[in-house]
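Inside the fold
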Amino acid sequence: MKRRNPFANIENTFSPKKKLVVYNDEGDAEAVDSNQVNKLTERREREDMPRKRQCRAALPFSARLTEVEQQELQDAPGKKSLNFSEDDSLFEEEEEDVKSPLLKSPQAIAPASIAPPVCTQYPTDWSLKTRVLFTSPLSLSWAENPKAQEEALGLSQHCRAQFTSLPHSIQDPRSCSELRCAFQQSLVYWQHPTLPWISLFPRINAERSFTGKCTPWAQDTALQKSLMSEWSVSLSSLYSLLKTRLCPYFYLCSYQFTVLFRAAGLGGSGSITAFISPTTRGLREAMKAEGIEFSLPLVDERRKSKEQQEVEVEQMEKAQDCSELKESEGCQEAEEGESCGYNNDDDEDDDDGSFSWLKEMGVQDKIKKPDSISIQLRKEGTAVSLDHKPESVVCVEGSHTFTLINFLINCKSLVATAGSQAGLPPTLLAPTSFRGATMHTLKARSVNVKSQVGSTYQSISSLEITGPILPSSLQAVTALLRPAQKGNFAATLYTHAPSAVMNTQGNKQQCAAGSVDLCGCGLHPASIQQLQQPSSLGKMALTHINMNNYSYTWKN
């Protein structure tokens, strides 16, 4: 073990240069330092240069080339030796040389220098929400307990379709009267019929909310007719407003299904569209009997994808068979035989009642033939299996939506004949006023909670909104939270299940966003712009929305 000299310090640590023993020309040994050795070496090299040139002239060309290369390697001070046995750190030094430029200029590759994309909108969601829970690190208490003047001004602005522009960021939301008025304006919706002692949304599987409540119309036929008469007038008024683009959309909620009517230009469609979910085979057959043309978007989409897969598999099999056949004529014959086989299969599928092959086998009397009813049930087995499922959603477009309105007014199965909802017409919901409608506001409640983050508890403010939350109401509230919460909040969405598939697309040709004028429908221009976009959610609905630094992310 090497020990430190206790008498050494920074001043007396100078060590003299070591001297070397060198033999002179006479053979005597001399002690010289390293500088003298270098001078002697240079002098001898200058004396040997003429002799080296004479010897080099006598050498062959290859030997001289090798000698020149060696001389260049010796003269280059910055180059490393290529003798791998003597220099084991060659590869390590090269790796250090590669890494050193990256360490000197980290800004060129730093991920933080690349700005993340900013998403200013979340996908359009046409499903109804029953509850939305907003959370934010900043206080949300500004949204509750409005002043009487603020509430009145918000309701007045809603009726007049007047909207207030807000700054990008609000320092003190509680003292901003414009923000609080706009929030009250975003909570308004219109409903028919209205019974103050009974909640009429949702209507599917809502028997528990009707239990024990007073239902005077249940046994009074005259009262039921009066309710249905007023309801028919309200529905006709809504469709007239929808057709003239004075109402953007509305919902019809019955005890069996939910219907969404959208004006032309919304959802990327150039005509009025209606979606019904869920449906049954009986309802679809009744609509066919009335001459209503409709489509099953999810079923058609699944069938098209299946047919495309079958075509791809068929093409791969044909290509493989053709590659195995050596002669082109054999390949053509094989293709013709396959096409004939497929045509025969199609003919057999189309001709279900033909059993001539039994006669050819001579067993026509021993096997019982299926009757026409069994064949029909087998055909309709797929249609019956769709009942009450999301895939049973029906899309009606164009002028057939007017026929659908008349069908719904005259449909006897639209109103329950027994149970707690017997005799009560469906609920109509719209973002704008219509004949016979009553103005309602969503319920908003702010609560401060403690959330555990790691080993500590962090204070988080929450805002809960309940009621039939329409798509435009959700967009309006999130647009207000953006400046009020400085671009940082999250939302958990609770969807009314039957309306989750309302984000599917119709089969007709889509139109460009903004090609239809909807400025008179009573919605904020930002809401119209969002609702005009085709939804990308399919048969799913949004469950979470998160805004971080004014950029949206979501889950469905």
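Residues numbered from 1 in each chain as written. Predicted model: local features only at pLDDT ≥ 70, side-chain atom pairs only at ≥ 80, totals over all residues. Heavy atoms only, no water.

Quick reminder of the rule: UniProt positions are given in the numbering used here, feature names are shortened, and annotations may be inferred rather than shown by experiment.
By the naming in an unreviewed UniProt entry, the protein chain goes by DNA replication fork stabilization factor DONSON and is assigned to Labrus bergylta. UniProt's Sequence similarities (unreviewed entry) comment on the protein chain is quoted here verbatim: "Belongs to the DONSON family."

1. Describing the nonpolar core
Applicable threshold: What we call a nonpolar core is a set of buried Ala, Val, Leu, Ile, Met, Phe, Trp, Tyr and Cys residues that are connected through their side-chain atoms within 4.5 Å. Summary of the burial criterion: residues with accessible area below 20% of their type's maximum are buried, those above 50% are exposed, and those between are partly exposed, where the area comes from a 1.4 Å probe applied to protein chains only. The helix count covers DSSP runs of H or I at least four residues long, the strand count covers runs of E at least two residues long, and both are numbered beginning at the N terminus. Note on contacts: a residue pair qualifies if any of its non-hydrogen atoms lie within 4.5 Å across the two residues.
In this structure, W126, F134, W142, F183, Y249, Y251 and I465 are the most contacted members of the largest nonpolar core, which totals 51 residues. Residue contributions to this core peak at 5 residues, all from helix 15 (residues 471-484). Not counting residues up to four positions away in its chain, the partners in contact with F183 are W142, A143, A444, L463, I465, V477 and L480.

2. A word on the sheet that holds strand 3 (residues 129-136)
Our working rule: Here, any two strands with at least 2 DSSP bridges between them count as paired. Here, axes are lines fitted to C-alpha atoms. For helices the fit covers the stretch in contact, and angles between N-to-C directions go from 0 to 180 degrees.
Strand order across the open sheet formed by 6 strands is 11-12-3-13-14-15, with antiparallel pairing between neighbours. In the strand order of this sheet, the two ends are held by strand 11 (443-453) and strand 15 (551-555), each with one partner. Strand-to-strand twist of the sheet, defined as the mean angle between neighbouring strand axes without regard to direction, takes the value 20°. Sheet topology places strand 13 (residues 488-495) next to strand 14 (residues 544-548); 5 bridges connect them, and they run antiparallel. Note on strand 14: the bridge partner recorded for A490 is N546. Here helix 15 sits on the sheet in contact with strand 3, strand 12 (456-469), strand 13, strand 14 and strand 15, set at roughly 10° to strand 3.

3. Points about the side chain of Q191
For clarity, the cut-off: For this analysis, a polar contact is any N or O atom pair within 3.5 Å, provided that within protein one partner can donate a hydrogen and the other can accept it, and provided that sequence-adjacent residues contribute only side-chain to side-chain pairs.
By secondary structure assignment, the location of Q191 is in strand 4 (residues 188-192). Side-chain polar atoms of Q191 contact the backbone oxygen of P193, separated by 3.1 Å.

4. So, the pattern of salt bridges
Side-chain pairing between opposite charges can occur once the charged atoms of the two side chains come close. Let me state the cut-off plainly: The working definition used for a salt bridge is a side-chain nitrogen of Lys or Arg within 4 Å of a carboxyl oxygen of Asp or Glu.
According to the stated counting rule, one finds 6 salt bridges in the structure shown. One salt bridge in this structure joins E464 and R131, with 2.5 Å as the shortest N-O distance. Placement of the pair is E464 in strand 12 and R131 in strand 3, with a sequence separation of 333 residues. With its nearest N and O atoms 3.2 Å apart, the salt bridge here joins K539 to E391. In this pair, K539 is assigned in the loop between helix 16 (525-531) and strand 14 and E391 in the loop between helix 13 (381-385) and strand 8 (394-397), connecting sequence segments 148 residues apart. A residue is classified by how much of its surface remains accessible, and K539, at 43% relative accessible area, is partly exposed. Residue E391 is classed as buried on the basis of its relative accessible area, which comes to 19%.

5. Quick notes on the packing of helix 5 (residues 177-186) against helix 15
So the rule is basically this: Should an angle lie under 35 degrees it is considered roughly parallel, over 145 roughly antiparallel, and from 65 to 115 roughly perpendicular; all remaining angles are considered oblique. It is the rotation of the near helix from the far one that decides the hand of a crossing: anticlockwise by less than a right angle makes it left-handed, clockwise makes it right-handed. Just so you know the grouping, Ala, Val, Leu, Ile, Met, Phe, Trp, Tyr, Cys and Pro go in nonpolar, Asp, Glu, Lys and Arg go in charged, and all remaining residues, Gly too, go in polar.
At their nearest, the axes of helix 5 and helix 15 sit 9 Å apart, and the two run at 160° to each other. The angle between the axes of helix 5 and helix 15 places the two elements in the roughly antiparallel class. By crossing handedness, the relation of helix 5 to helix 15 is classed as left-handed. Between helix 5, through L179, A182, F183 and S186, and helix 15, the contact on the second element is made entirely by S473, A476, V477, L480 and A484. Grouping the constituent residues of the contact of helix 5 with helix 15 by class yields 7 nonpolar, 2 polar and no charged.

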